[in-house]
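# Coordinate analysis (summary)
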Amino acid sequence: MTNTRTALVTGASRGIGAAIAIGLAERGYDVALNGIDDGTSEIEKVADSIRLMGRRAEIYLADVSDKAQVQRMVSAALNTFGHMDAVVNNAGILIAGEVDGLPESTWDAVLDVNAKGSFLVTQAFLPSMKTRGYGRIVNIASIGGKHGAPEQAHYSASKAAVMGFSRVLAQEVGKQGITVNCVCPGIIMTEMGRVNLEDAAVRGAWQDKTAIGRIGNPDDVVGAVAFFASDESAFVTGQTLNVDGGIVFS
Ligand code: NAP
């Protein structure tokens, strides 16, 4: 194994994914950044800030729910970086809506990105990780996958799927040196988090629900991800860790 640690982070253009990518770079990783081409330069700014640290950053635009695009991204990243120590499946979408009246297309879109996306990216990296006998898969689920809130049944289902997938995959690949764990953020101030935070009363209610007494920032999620991405967690697999300031106690 080479000394340079490498990680691919999906959905790294902003929010939690950008914080994870920068946080891993600060811990010495070269980072492959994934986003979907939305016509902004946000992901370029993340790459620039990593390069300023003297670490390598490369951008791979791909829709994680599209198998062909994922395969192209993974083989390009492996060609460039040589190996991938850690994969952080962070890309996700949330489209609110009550079950009664939820369009089938909304169910499919959310499940495709959040659940199938994690499967496709992970599956594409498994052969190279198995060959090396080393890998760290970190899946960003959500406390919403354990409890959930009204208008997010499909989102909750997608995140519960990610946790179930991770628990079983951990059993399949553990003997090949690969660990698979989930981080479940709580209410985090990002573009997505705003769905829960726009209304001041709702925001205050969420804040009051936390034992720590505040809404989270993207940086709050980084430490748990870095732990699961590192050798410090070598004997931990198939687990889910809530990073929510104390909302869910399980
Ligand atoms: P965000 O600010 O909306 O960022 C989402 C990221 O995912 C963006 O980088 C976006 O890329 C990317 N993305 C979306 N669809 C994609 C696709 N099909 N292929 C590749 N990339 C795609 O969200 P966030 O709050 O940081 O959320 C990050 C993760 O944490 C998600 O899995 C989310 O479910 C989870 N989470 C968030 C919270 C919260 O309160 N914020 C709580 C629990 C869990 P573009 O910029 O290129 O569109």
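That block above? That's the structure.
Every value quoted in this text rests on a predicted model; they were computed, and no experiment measured them. (Residues numbered from 1 in each chain as written. Predicted model: local features only at pLDDT ≥ 70, side-chain atom pairs only at ≥ 80, totals over all residues. Heavy atoms only, no water.)

## Focus on the pairing of strand 5 (residues 135–140)
Among the six residues that make up strand 5, six are buried, leaving the element largely enclosed by the rest of the structure. Alternating positions in strand 5 separate into two faces, Gly135, Ile137 and Asn139 on one and Arg136, Val138 and Ile140 on the other, with burial throughout. The sheet contact formed by strand 4 (residues 86–89) and strand 5 spans four bridges and is parallel. Of the residues in strand 5, the one forming a bridge with Val88 is Val138. This β-α-β element, strand 4 to helix 4 (residues 104–132) to strand 5, shows right-handed connectivity. Judged from the six bridges that link them, strand 5 and strand 6 (residues 178–185) form a sheet pairing that is parallel. (Buried < 20%, exposed > 50% of the residue type's maximum accessible area, 1.4 Å probe, protein only. Helix = DSSP H or I, 4+ residues; strand = E, 2+ residues; numbered from the N terminus. Pairing = 2+ DSSP bridges. Right-handed = clockwise from strand over helix to strand, strands pointing away.)

## Concerning the packing of aromatic side chains
Scanning the model with the defined rule gives two aromatic pairs in all. The interplanar angle of 85° and the centroid separation of 6.2 Å between the aromatic rings of Phe119 and Phe165 together place this pair among those described as edge-to-face. A residue pair is termed long-range when its members are at least 10 positions apart, and Phe119 in helix 4 and Phe165 in helix 5 (residues 153–173) qualify at 46 residues. Judged by relative accessible area, which is 33%, Phe119 ranks as partly exposed. Judged by centre distance (5.4 Å) and plane angle (45°), the rings of Phe227 and Phe228 are tilted. Residue classification places Phe227 among the partly exposed residues on the basis of a relative accessible area of 32%. With relative accessibility at 3%, the residue Phe228 sits in the buried group. (Phe/Tyr/Trp six-rings, centres within 6.5 Å; stacked < 30°, edge-to-face > 60°.)

## As for the state of the cysteines
As enumerated under the stated definition, the model contains zero disulfides in all. Cys182 carries a free sulfur, and the closest cysteine sulfur to it, the one in Cys184, is 6.0 Å from it. (Disulfide = S-S within 2.5 Å.)

## Notes on the nonpolar core
Residues Leu24, Leu33 and Val183 are the most contacted members of the largest nonpolar core, which totals 30 residues. Where this core is concerned, the elements lending two or more residues are strand 1 (5–9), helix 1 (15–26), strand 2 (29–35), helix 2 (42–52), strand 4, strand 5 and helix 8 (222–229). Apart from the residues lying within four places of it in its own chain, the contact partners of Leu24 are Ala7, Val9, Tyr29, Val88, Ala226 and Ala229. Ranked by size, the runner-up nonpolar core spans 26 residues in total, among them Val74, Leu78, Val87 and Leu169. (Core = buried A, V, L, I, M, F, W, Y, C linked by side-chain atoms within 4.5 Å. Contact = heavy atoms within 4.5 Å.)

## Topic: the site of the ligand
Around the ligand, a shell composed of 31 residues is seen, among which Ser13, Arg14, Ile36, Tyr155 and Thr190 lie nearest. Between the ligand and the protein, one listed contact pairs an oxygen atom with a backbone N or O atom of Ile16 at 2.8 Å. In this structure, a nitrogen atom belonging to the ligand sits 3.5 Å away from a main-chain N or O atom of Ala62. The protein chains hide 95% of the 910 Å² of surface that the ligand would expose on its own. (Near = heavy atom within 4 Å. Polar contact = N/O pair within 3.5 Å; in protein donor to acceptor, adjacent residues only side chain to side chain. Areas by Shrake-Rupley, 256 points an atom, 1.4 Å probe, with all protein chains shown as cover.)

## Description of helix 5
End to end, helix 5 covers 30 Å across 21 residues, agreeing with the expected 30 Å (1.5 Å per residue, within 8%). Of the positions making up helix 5, those classed as buried are His154, Tyr155, Ser156, Ser158, Lys159, Val162, Met163, Ser166, Leu169, Ala170 and Val173. (Expected span 1.5 Å × (residues − 1).)

## Remarks on the packing of helix 1 against helix 8
Closest axis-to-axis distance for the helix 1/helix 8 pair is 9 Å, and the angle between their directions is 55°. Between helix 1 and helix 8, the crossing angle belongs to the class labelled oblique. As helix 1 packs across helix 8, the resulting crossing turns out to be right-handed. Seen from helix 1, the contacting residues are Ala19, Ile20, Gly23 and Leu24; seen from helix 8, they are Val222, Val225, Ala226 and Ala229. Grouping the constituent residues of the contact of helix 1 with helix 8 by class yields seven nonpolar, one polar and no charged. (Axes fitted to C-alpha atoms, helices over the stretch in contact; angles between N-to-C directions. Parallel < 35°, antiparallel > 145°, perpendicular 65-115°, else oblique. Left-handed = near helix turned anticlockwise from the far one by under 90°. Nonpolar A, V, L, I, M, F, W, Y, C, P; charged D, E, K, R; others polar.)

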